[in-house]
Amino acid sequence: MKSESSTPWQATSGVRVALYSHDTMGLGHTRRNLLIAETLARSELAADVLLISGARHASRFELPRGVDCVTLPALAKETDGAYGPRTLRMGLDDLRSLRSATIDATLRAFEPDVFVVDNVPRGALDELLPTLSRLREGGRTRCVLGLRDVLDDPAVVAREWRDRDTERTIEDLFDAVWVYGDPTVYDVAAACAFPGSVRAKLEYVGYLDAGERMTHAISPEACHPGVVLGTVGGGQDGVRLAEAFVRAEAPQGVDRVLITGPDMPTAAFERVLAHASTRPDLTVLGFDPEPTRWLRHASRVVTMGGYNAVTEVLAFETPALIVPRVRPRREQWIRARSLARLGLVDVLHPGRLTPDALSSWLASPPARPNARGRVDLNGLERIPPRVAALLTTAPTRSIDMSRGWCEPAPLS
């Protein structure tokens, strides 16, 4: 068992970091945590990092030495925001209990020095509350909430934070809040009127530079430089964009590659493949563990507006058309509009999505954005020093366990 110590970090100290992501739709949360994990493992911390992911495909990513992954029984989120089991034939309450027990057992065995929770403070369906309460009562593990740059429409965020008692959760159970973004693009604390107790722990660390992953990529570089790339995240909610992309017309002599993601419904994937079979200029891929190898040399990209897709566009300064999701959250729309106002991307509302609209954009002169001169992309550089600093400070005070933190919220 590791000894509890508040002495400053040293290179031989055996730092352990656990990163949780609930992953009920798409791969964005896991891919964001994977960037952080790789950075911590390769930094002077030489940390051992354990990913705890709700994404079934998380274990298919190439992991460097010092990083490993535990995948949870999968939840699915429908387009209306409702949760349900993805594959197991069991009740939702039982599945939540199973996931919660798996998380707690994993962290009891791993004993992390720092535990980073991605975007959902209490976890999916409050599955983290028992573990967070135990860690806080134990007083040795520092807990961090990592937030993406945009959460949702501010009115929705305010309602959800009130209903889920998020302010008190952060106040009692977390030592720090890191926003993986740049307030000059979107100031989430101001837009959502975060209270003082949250702002006191909050820091904008900058966007996470996906280009850093390619510096150490295990996979070889993709072929066909100069292609027009289409991506739709995990694919569950990207069917309309994928079908419009394969039916659009690219300039003569330009090849296209579409990455559908692993969660596109089978019938839709087969329709896309059938259409692609008639187009020699079009290649369709399913799951690709390293889509950035395509984006790095693409001439332009058509993509949805998820955090990872957008930060990859910024990192490689690729001319991009963003067709964001607007349901069940408006996060992607807000992010895309914020970047469009800075002249860094073009945006098409999904209500106006047609093959002709994509063809028109592909035929227009590309404008390569100067993102690195205008957006803070230094988040990965800042995270290892922040972890080291956490290990030199006392954790947030222990909570009063009589306040009922282990009681989960009702399922909805």
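Residues numbered from 1 in each chain as written. Predicted model: local features only at pLDDT ≥ 70, side-chain atom pairs only at ≥ 80, totals over all residues. Heavy atoms only, no water.

1. Re the nonpolar core
Counting residues in hydrophobic clusters, the biggest one holds 58 residues, and the most contacted among them are V17, L40, W178 and Y180. Take this core: its biggest share by element is 6 residues, from helix α1 (residues 28-42). Here V17 is in contact with L40, A47, D48, V49, L50, F110, P112, V114, V116 and V387, once residues within four sequence places are set aside. Counting residues in each nonpolar core, the second largest holds 40 residues, with V117, A124, F174 and Y186 among its members. (Core = buried A, V, L, I, M, F, W, Y, C linked by side-chain atoms within 4.5 Å. Buried < 20%, exposed > 50% of the residue type's maximum accessible area, 1.4 Å probe, protein only. Helix = DSSP H or I, 4+ residues; strand = E, 2+ residues; numbered from the N terminus. Contact = heavy atoms within 4.5 Å.)

2. Structural notes on the sheet that holds strand β9 (residues 202-204)
Across the sheet, which stays open at both edges, the 7 strands sit in the order β3-β2-β1-β6-β7-β8-β9 with parallel pairing between neighbours. On the outer flanks of this sheet lie β3 (67-71) and β9, each paired with one strand and no other. Shown here is a sheet whose adjacent strand axes are inclined to one another by a mean of 20°, direction ignored. In terms of strand pairing, strand β2 (residues 48-53) meets β3 through 5 bridges, oriented parallel. (Pairing = 2+ DSSP bridges. Axes fitted to C-alpha atoms, helices over the stretch in contact; angles between N-to-C directions.)

3. What to know about the pairing of strand β1 (residues 16-21)
For β1, the tally of buried residues reaches 5 of 6 residues, placing the bulk of the element in the interior. As paired elements, β1 and strand β6 (residues 114-118) share 4 bridges and run parallel to each other. Counterpart to L19 in the pairing with β6 is V116.

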